[in-house]
Amino acid sequence: MASVTYDHVTKKFGDVLAVNDLNLDVKDKEFLVLVGPSGCGKTTALRLLAGLEEISSGDIRIGDRVVNDVAPKDRDIAMVFQSYALYPHMSVYDNMAFGLRLRKTPKSEIDKRVTQAADILGIRELLNRKPKQLSGGQRQRVALGRAIVREPKVFLMDEPLSNLDAKLRVQTRTEISKLHQRLETTFIYVTHDQTEAMTMGTRIAVMKNGILQQLDTPQKLYDFPANTFVAGFIGSPAMNFFDVKVAGNRENPMLDAGSFQIPAPPDRRDKVANYIGKNVVLGIRPEDVHDRDFVPGAINGAPISAQVDVMEPMGSEIYLFLVSGKSSFVGRVDPRSQGRPGKPIDVMVNLDHIHVFDKETEQAIR
């Protein structure tokens, strides 16, 4: 098993800075997820670790060994790609055994490892089939099995679920999490899907434009986003943002959106008071916007009058797309809500869960 360290790692493709001074410590046996939109540098960071791209500057260490100039085959890593990359003319068994045969592993050891991996993934009955006889989910499990038999120090996964349908993605996501717990090996997983990141990662590294924005546990990323990008990226539906002016006085600063005013969050009142007379960004998650008639329990709330623009019933909840003055926002409300398109509604915002950001730096005000 091994830790992984990115030490001031930069990668340029001509004038394009794909990874910019990345500093990242992945702990031994950790499941770290690299997440961000397309083009943020997450896959490039993974390929640098795998040795599939050359580093422009900085060092990557696996354990205590700098691997910048180590050939990919000698880095003791295994990578699972988005495309399953199976050999179509080989059986499942031969696909899983291929890498071990190249290393001249004894036949008895190959058979043992392939059988064990097949049992872990529930694909033993598929060992004699060819890839074209398998479903997408089965092919992905074969690709995982091919990585498992290598018994590497680090597993690298580059969006391995993106070709699967929604139901199969959820199922395979659970299988990969169980696999991590069983193997107790370091996993580094790349995805653009924040739901995958939140449900699978021990910690999550959020990237944008080649720069690491925040590294933390899923819950802390959700509760304490470092900036507006992280706040908007983590959570579904995305956080609502409002341009507001800080009004009132130091004892009672108010966040004024024009059509509504709400008090500054109690735990940040003093910090927000430093912005009196200035514009800031108010962030409210949809799940903290409640129909006033169906507020769950006692909350430290503030009312907002709005009009329903669109209603999306989801069964266990309703998404209300709301308009208040010039502000549009989304609320995840109780399914009993009577909010209907074109009708006014009073909603309640949970003040203990709102976020305030500096308008210029986009950093959280804490």
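The structure contained in this document is the topic of the report that follows. (Residues numbered from 1 in each chain as written. Predicted model: local features only at pLDDT ≥ 70, side-chain atom pairs only at ≥ 80, totals over all residues. Heavy atoms only, no water.)

## A word on the sheet that holds strand β4 (residues 57–62)
Going by this rule: When DSSP finds two or more bridges between two strands, those strands count as paired. Secondary structure elements follow DSSP: runs of H or I no shorter than four residues count as helices, runs of E no shorter than two count as strands, and numbering proceeds from the N terminus.
Strand order in the open sheet formed by four strands is β2-β1-β4-β5, and the pairing between neighbours is antiparallel. The sheet terminates laterally at β2 (16–26) and β5 (65–66), the two strands that pair on one side only.

## Notes on the packing of helix α4 (residues 136–148) against helix α5 (residues 166–183)
So the rule is basically this: Only the stretch in contact is used when a helix axis is fitted, and all axes are lines through C-alpha atoms; the angle between N-to-C directions ranges over 0 to 180 degrees. Each angle is binned into one of four classes, with values under 35 degrees roughly parallel, values over 145 roughly antiparallel, values of 65 to 115 roughly perpendicular, and all other values oblique. When the near helix sits turned anticlockwise from the far one by under a right angle, the crossing is termed left-handed; a clockwise turn instead gives a right-handed crossing. Contacts between residues were defined by any pair of non-hydrogen atoms, one from each residue, lying within 4.5 Å. Three categories are distinguished: nonpolar for Ala, Val, Leu, Ile, Met, Phe, Trp, Tyr, Cys and Pro, charged for Asp, Glu, Lys and Arg, and polar for the others, with Gly belonging to the last.
Where α4 meets α5, the axes come as close as 11 Å, and the angle between the chain directions of the two elements is 15°. In terms of orientation, α4 and α5 fall into the roughly parallel class. Seen from above, α4 lies across α5 with right-handed handedness. In this structure, α4 contributes Gly 137, Arg 141, Leu 144 and Ile 148 to the contact, and α5 contributes Leu 168, Glu 175, Ile 176, Leu 179 and Leu 183. The residue makeup of the contact of α4 with α5, split by class, is six nonpolar, one polar and two charged.

## Quick notes on the nonpolar core
Applied cut-off: What is meant by a nonpolar core is a set of buried Ala, Val, Leu, Ile, Met, Phe, Trp, Tyr and Cys residues, joined one to another through side-chain atoms within 4.5 Å. Each residue is assigned to one of three classes by its accessible area relative to the maximum for its type, calculated with a 1.4 Å probe on protein chains only: buried under 20%, partly exposed between the two thresholds, exposed over 50%.
Membership of the largest hydrophobic core comes to 44 residues, with the highest contact counts inside it found for Met 96, Val 114, Ile 176, Tyr 189 and Val 206. Grouped together as the second largest cluster of nonpolar side chains are 30 residues, Val 272, Ile 284, Val 347 and Val 356 included.

## What to know about the packing of aromatic side chains
Applied cut-off: Side-chain rings of Phe, Tyr and Trp, where Trp is taken by its six-membered ring, are said to pair if the distance between their centres is within 6.5 Å; with planes under 30 degrees apart they count as stacked, over 60 as edge-to-face, and otherwise as tilted. Geometrically, a lysine NZ or arginine CZ counts as sitting over a ring once it is within 6 Å of the ring centre and also within 35 degrees of the ring normal.
Going through the model one piece at a time under the given rule, you end up with eight aromatic pairs. Where Phe 155 meets Phe 187, the ring centres are 4.8 Å apart and the plane angle is 35°; that geometry is what we call tilted. Of the two residues, Phe 155 is situated in strand β7 (residues 154–158) and Phe 187 in strand β8 (residues 186–191); the sequence distance between them amounts to 32 residues. Residues Phe 155 and Phe 187 agree in their burial class; the two are buried. When the ring of Phe 242 is compared with that of Phe 260, the centres are 5.6 Å apart and the planes differ by 90°; the resulting orientation is edge-to-face. On the criterion of sequence distance, the pair formed by Phe 242 in strand β11 (residues 240–248) and Phe 260 in the loop between β12 (253–256) and β13 (261–263) is long-range, its members being 18 residues apart. Phe 260 gets classed as buried once you look at its relative accessible area, which sits at 6%. Here the aromatic cluster, defined as three or more aromatic residues joined through ring pairs, consists of Phe 31, Phe 155, Phe 187 and Tyr 189. If you follow Lys 11 out to its NZ or CZ, it ends over the ring of Phe 13, 4.8 Å from the centre. In this structure, Arg 285 packs its charged tip against the face of Tyr 222, placed 4.2 Å from the ring centre.

## Some thoughts on the pattern of salt bridges
Applicable threshold: A pairing counts as a salt bridge when a side-chain nitrogen of Lys or Arg comes within 4 Å of a carboxyl oxygen of Asp or Glu.
What the rule picks out here adds up to 14 salt bridges. Where Glu 53 meets Arg 47, a salt bridge forms, and the shortest distance between an N and an O atom there is 3.3 Å. Note on Glu 53: relative accessible area 21%, which makes it partly exposed.

## Regarding helix α3 (residues 107–121)
Note the following rule: For a helix, the expected span equals 1.5 Å multiplied by the number of residues minus one.
Across its 15 residues, α3 extends 21 Å between first and last C-alpha, which sits within 8% of the 21 Å expected from 1.5 Å per residue. For α3, the full list of buried residues reads Ile 110, Arg 113, Val 114, Thr 115, Ala 117, Ala 118 and Leu 121. Where α3 is buried, its residues meet α2 (92–102) and α4. Gly 122 lies just past α3 and shows a positive phi near 70°.

## Some words on the side chain of Gln 194
Counted only if it meets this: Counted as a polar contact is a pair of N or O atoms within 3.5 Å, where, for protein atoms, one must be capable of donating a hydrogen and the other of accepting one, and residues adjacent in sequence contribute only when both atoms are in side chains.
Inspection of the secondary structure assignment puts Gln 194 in helix α6 (residues 194–200). Here Gly 235 takes part through its backbone nitrogen, which lies 3.0 Å from a polar atom of the side chain of Gln 194.

## As for the packing of α2 against α4
Helix packing geometry: the angle between the two helix axes and the distance between the axes. Across the interface, α2 lies against α4 with an axial gap of 8 Å and an inter-helix angle of 30°. Between α2 and α4, the interaxial angle falls into the category roughly parallel. Seen along the crossing, α2 lies across α4 with a hand that is right-handed. The residues of α4 that touch α2, namely those facing Val 92, Asn 95 and Met 96, are Val 142, Gly 145 and Arg 146. Taken together, the residues of the contact of α2 with α4 break down into three nonpolar, two polar and one charged.

## Examining the side chain of Asn 95
Mapped onto the elements, Asn 95 comes out in helix α2. Separated by 2.7 Å, the side chain of Asn 95 and the backbone nitrogen of Tyr 87 make a polar contact.

## Some points on the sheet that holds strand β14 (residues 279–284)
Here we have five strands laid out as an open sheet, ordered β13-β12-β11-β14-β20, and antiparallel in their pairing. Looking at strand neighbours, the two that pair on one side only are β13 and β20 (355–358), the edges of this open sheet. Strand-to-strand twist across the sheet, computed as the mean angle between neighbouring axes with direction ignored, equals 40°. As defined by bridge partners, β14 adjoins β20 across four bridges and the pair is classed as antiparallel. What sits directly across from Gly 283, in β20, is His 355.

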